[in-house]
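# Descriptive analysis of the structure
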Amino acid sequence: MKLPTAQEMERAYKASDASYNGIFFLAVRTTGIFCKPSCPARKPDPRNVEYYLTTREAIIAGFRPCKRCHPLESNSATPAWVKDLLDRLDSDSTARFTDGFLRTSGIDPARATRYFQKKYGMTFQAYCRMRRLGKALEQIRLGTDLDDVALGYGYTSHSGFRDAFSRTFGNSPGRSRAADCIVTAWIESPLGPLVAGATSEGVCLLEFTDRRMLDTQFASLRKRFACAIVPGENRYIKQLKKELQEYFQGSLQRFTIPIVAPGTPFQQKVWKELLKIPYGKTAAYEEIARRIGSPSAQRAVGHANGLNRISIVIPCHRVVNKNGDLGGYGGRLWRKQKLLSLEKGKNN
Ligand SMILES: [Zn+2]
């Protein structure tokens, strides 16, 4: 699955074009809400809009479903019991949806779990937790007092809130107000949109949005950095946007943006070696294995190459098969081809 171009999506939501429902969701940074393209509400400024393929990604990024267009119900036939649950969840942030509560409402908890797992990729309980904490995180970012946030979301104690928050976002709520989180942003490129992530120290993520296993990359980031992932912009996101633009114009051959790429010692050795492959050149997996002093580890090199989280900047696209074939590319092979052509000064 792939998102349409930003231009196309912008046109679609401005025209409330219902034929795009289910194809993408738009999230508005200024309000924290995400919508279906057909939403009848006031049209947001495109500069404040982020696009997502699934409702799940929008929720994980901290957005809440719009009350006018009900984006979670995009696939029309939402059962009445689900609709009811979602309504209750959104209208009462302190409500507890225990299995007992579900049963007394005539809902089989196992059925609820199956439905949410299939539709949103998480259990109903996980969805509730994520949604509530997402709202809490937003309050914290707006500067609301921690005690008020904890109480407002149904936590009777500060520590209970802290624990729940840390389990989900991997960071204590007090610290989330600081710059201590991964800021993610959407970056347009001639080869399709990219999602970028940066900490206060540099860029830590750059992937094409339709990359295989993007979810896995997010999960590993959250684990590695033990901090929240929030949509936004910081100075490194700005720098990355500028450098990427110059790169795609062919006027930048060497990225100067600081890189934050934690990994195993082996992965780090491989990624460091990738950075040494000059612009416009390629190297074989065997070659990289030899250069890092593990000539028999070409398969492990290929694997580490595939786990690179900062595509283009760490040029994993410059690694090819010994026989000259392109080899693999997480961001799709046609892009690898295009990137290599661009660096060779060809326009296709
Ligand atoms: Zn809406």
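Before reading further, recall that the structure is shown in the block above.
Residues numbered from 1 in each chain as written. Predicted model: local features only at pLDDT ≥ 70, side-chain atom pairs only at ≥ 80, totals over all residues. Heavy atoms only, no water.

### Regarding the environment of I59
Keep this limit in mind: Only DSSP runs of H or I reaching four residues or more are called helices, and only runs of E reaching two or more are called strands; each is numbered from the N terminus. Only protein chains enter the accessibility calculation, which uses a 1.4 Å probe; a residue whose area is less than 20% of its type maximum is buried, one above 50% is exposed, and one in between is partly exposed.
On the secondary structure map, I59 appears in helix α2 (residues 55-60). Classification of I59 as buried rests on a relative accessible area of 2%. Residues I59 and Y127 lie 68 residues apart in sequence; the distance between their C-alpha atoms is 8.8 Å.

### Digging into the coordination of the zinc ion
This is how the line gets drawn: Nitrogen, oxygen and sulfur within 2.8 Å of a metal are treated as its donors, or within 3.2 Å for sodium, potassium and calcium (Na, K, Ca); water is not counted, so a site can appear incomplete.
For the zinc ion, the protein coordination sphere consists of C35 (SG), C39 (SG), C66 (SG) and C69 (SG), at 2.2 to 2.4 Å. Written as a sequence motif, the donor residues of the zinc ion are C-x3-C-x26-C-x2-C. Taken together, the positions of C39 in the loop between β2 (33-35) and β3 (49-52) and C69 in the loop between β4 (64-65) and α3 (80-91) put the pair 30 residues apart, joining distant regions of the chain. C69 matches C39 in its accessibility class, with the two residues each being buried.

### Remarks on the sheet that holds β3
Definition in use: Strand pairing requires that DSSP identify at least two bridges connecting the strands.
If you walk across this open sheet you meet the four strands as β3-β1-β2-β4, and the pairing is mixed. The sheet is open, and its two borders are formed by β3 and β4, each paired with just one other strand. Here β2 runs beside β4; their pairing, made up of two bridges, is parallel. Bridge pairing in β4 places I33 opposite R64.

### Some remarks on the packing of aromatic side chains
Threshold: Pairing of aromatic rings covers Phe, Tyr and the six-membered ring of Trp, with a centre-to-centre limit of 6.5 Å; geometry is then stacked below 30 degrees between planes, edge-to-face above 60, and tilted otherwise. Whether a charge sits over a ring depends on NZ of Lys or CZ of Arg being within 6 Å of the ring centre and within 35 degrees of the ring normal.
Evaluation of the coordinates by the stated rule reveals eight aromatic pairs. The structure contains a cluster of three or more aromatic residues connected by ring pairs, namely Y247, F248, F255 and Y279. Its end group placed over the ring of F208, R335 keeps NZ or CZ at 4.1 Å from the ring centre.

### Notes on the nonpolar core
As a rule of thumb, soluble globular proteins bury nonpolar side chains together. For clarity, the cut-off: For the purposes of this section, nonpolar cores are sets of buried Ala, Val, Leu, Ile, Met, Phe, Trp, Tyr and Cys residues that join through side-chain atoms within 4.5 Å. When checking whether two residues touch, look at their non-hydrogen atoms; a contact exists if any pair is within 4.5 Å.
L206, L240, L244, Y247, L274 and I312 are the most contacted members of the largest nonpolar core, which has 41 residues in total. The set of elements that each furnish at least two residues to this core consists of β5 (182-187), β6 (194-198), β7 (203-208), α10 (235-249), α11 (265-274), α12 (285-291), α13 (298-306) and α14 (333-343). Ranked by residue count, the leading element in this core is α10, at six residues. Apart from the residues within four sequence positions on either side, I312 is in contact with L194, L206, F208, L244, Y247, F248, F255, H317, Y329 and L339. Among the nonpolar cores identified, the runner-up in size contains 24 residues, and Y52, A58, F63 and I107 belong to it.

### Quick word on the pattern of salt bridges
Going by this rule: The salt bridge definition used is simple: a Lys or Arg side-chain nitrogen within 4 Å of an Asp or Glu carboxyl oxygen.
Overall, the coordinates contain ten salt bridges when judged by the stated rule. D17 is paired through a salt bridge with R11; the nearest N and O atoms lie 3.4 Å apart. The closest approach of N and O atoms between K276 and E273, which form a salt bridge, is 3.3 Å. Take E273: its relative accessible area is 8%, and that puts it in the buried class.

### Let's talk about the pairing of β7
Taken across its six residues, β7 has six buried, putting it largely inside the fold. The antiparallel pairing of β6 with β7 creates a hairpin that spans four residues between the two strands, and G202 there sits at a positive phi of about 160°.

### Side note on unusual backbone geometry
Glycine aside, a negative phi is what most residues show, and trans is what most peptide bonds show. Positive phi outside glycine occurs at H70, with the angle close to 45°. Its identity as a non-glycine residue notwithstanding, I312 has a phi of 70°, on the positive side.

### Quick notes on α13
The following threshold applies: Regarding the arc, it is the one traced by the directions from the helix axis to the C-beta atoms.
Looking at α13, one finds that the buried residues are V301, A304 and N305. The arc enclosing the buried residues of α13, seen along the axis, measures out at 105°, which places them on a common side. When the buried face of α13 is taken as reference, the exposed residues oriented beyond 90 degrees from it are R299 and H303. Close packing links the buried residues of α13 with α11, α12 and β10 (319-320).

### Notes on the environment of G263
For G263, the position within the fold is in the loop between α10 and α11. Here the alpha-carbon distance between G263 and A304, two residues 41 residues apart in the chain, equals 9.4 Å. For G263, the contacting residues outside a window of four places in its chain are R224, Q268 and W271.

### With respect to the pairing of β5
Here β5 lies mainly inside the structure; six of its six residues are buried. Going residue by residue along β5, you find I182, T184 and W186 tucked away on one face and V183, A185 and I187 tucked away on the opposite face as well. Summarising the sheet, β5 and β6 pair through five bridges and their orientation is antiparallel. Residue A185 lies in a different strand from β6, and its bridge partner there is A196. If you look at the hairpin formed by β5 and β6, you'll find six residues sitting between the two strands, and G192 has a positive phi there, around 105°.

### Examining α10
Heads up, the condition is: Expected span, for any helix, means 1.5 Å times one less than how many residues it has.
In this model α10 runs 21 Å from its N-terminal to its C-terminal C-alpha over 15 residues, within 8% of the 21 Å that 1.5 Å per residue would give. Taken together, the buried positions of α10 are occupied by Y236, I237, L240, E243, L244, Y247 and F248. Projected onto a plane normal to the axis of α10, the buried residues spread over an arc of 135° and lie on a single side. When the buried face of α10 is taken as reference, the exposed residues oriented beyond 90 degrees from it are R235, K238, K242, Q245 and Q249. In the core, the buried residues of α10 are packed alongside β5, β6, β7 and α14. Positive backbone phi, at 85°, marks G250, one or two positions downstream of α10.

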